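Understanding the architecture of this molecule
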Amino acid sequence: MKAYIYDDLPGDQRLPHNSGTPISPSDLLSLGVLYHHIPDLSDVDRLAEQRGYKNRDEITVSPAAMGEIYETKVKSFFDEHLHEDEEIRYVKDGKGYFDVRDKNEKWVRIFLEKNDLIILPAGIYHRFTTDDDNYIKALRLFKDEPKWTPLNRTEGLDENSYRKEYVSQFLA
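Each value, and the rule that gives it
- Residues numbered from 1 in each chain as written.
- Predicted model: local features only at pLDDT ≥ 70, side-chain atom pairs only at ≥ 80, totals over all residues.
- Heavy atoms only, no water.
- UniProt positions renumbered as here; feature names shortened; annotations may be inferred.
- Helix = DSSP H or I, 4+ residues; strand = E, 2+ residues; numbered from the N terminus.
- Contact = heavy atoms within 4.5 Å.
- Polar contact = N/O pair within 3.5 Å; in protein donor to acceptor, adjacent residues only side chain to side chain.
- Phe/Tyr/Trp six-rings, centres within 6.5 Å; stacked < 30°, edge-to-face > 60°.
- Lys NZ or Arg CZ within 6 Å of the ring centre and 35° of its normal.

Here's the deal with the UniProt feature "binding site: Fe(2+)" (unreviewed entry) in the protein chain
When the UniProt feature table is mapped onto this chain, "binding site: Fe(2+)" (unreviewed entry) is found at His81, His83, Glu87 and His126. For this annotated set, covering 46 residues, all C-alpha atoms fall within 11.6 Å of each other, a compact arrangement in space. With respect to the helices and strands, His81 occurs in strand β5 (residues 81-82). Once you skip the residues sitting within four places of it in the chain, His81 turns out to touch Glu87, Ile124, Tyr125, His126, Arg127, Trp148, Pro150, Leu151, Asn152 and Arg153. Here the side chain of His81 touches Asp79 through a polar contact of 2.7 Å, landing on its backbone oxygen.

Below, the structure is given as structure tokens:
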């Protein structure tokens with residue numbers, strides 16, 4: 001896992017945009033972001049049991065898997081949003097980036113590849129994109145029924161109870 005401040009210079013969202021300012025795993029933890037490198041799927045199963053993740057599915061994000069909607073979908077994943085539940089992704093193959101906001105509203109880019117697992121807390125502003133290989137296969141874990149409901153960042157979303165809880169726990 002590599003994490004760094006995102007360089008906001010123009011260019012394709014799938015490029016590294018590495019500003020040269022690294023972010024440590026402890027910095028990510030201070031934002032509520034948990035990272036694990038887990039080569040054995042049975043260890044993912046154990047983590048899922050420990051954290052109460054009862055359901056899962058797989059998603060393959062690539063032009064071959066998604067066809068003509070690929071570009072539209074990748075752009076929609078890159079819209080800044082939050083969820084009202086944890087977002088847990090285990091990379092089975094390929095590579096991609098999760099971007100999260102830090103305490104100063106700067107983007108932190110987290111590069112993930114095969115066997116990386118990330119847990120984003122409910123209420124954190126984030127976005128996702130593949131890298132320039134345009135391919136990632138991920139296991140998505142859920143505490144309840146599988147759902148993926150993004151709430152795109154708009155005026156007033158900071159008043160969302162999950163966002164307020166996140167801010168009080170990690171940003172205050």
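Digging into the packing of aromatic side chains
Pairs of aromatic rings are described using the distance from one ring centre to the other and the angle between the two planes. Evaluated as defined, the whole model comprises four aromatic pairs. Taken together through their ring pairs, the aromatic side chains of Phe77, Phe98 and Phe128 make up a single cluster. Between the NZ or CZ atom of Arg127 and the centre of the ring of Trp107, over which it lies, the distance is 3.9 Å. The aromatic ring of Tyr125 is capped on one face by Arg153, whose charged end is 4.0 Å from the ring centroid.

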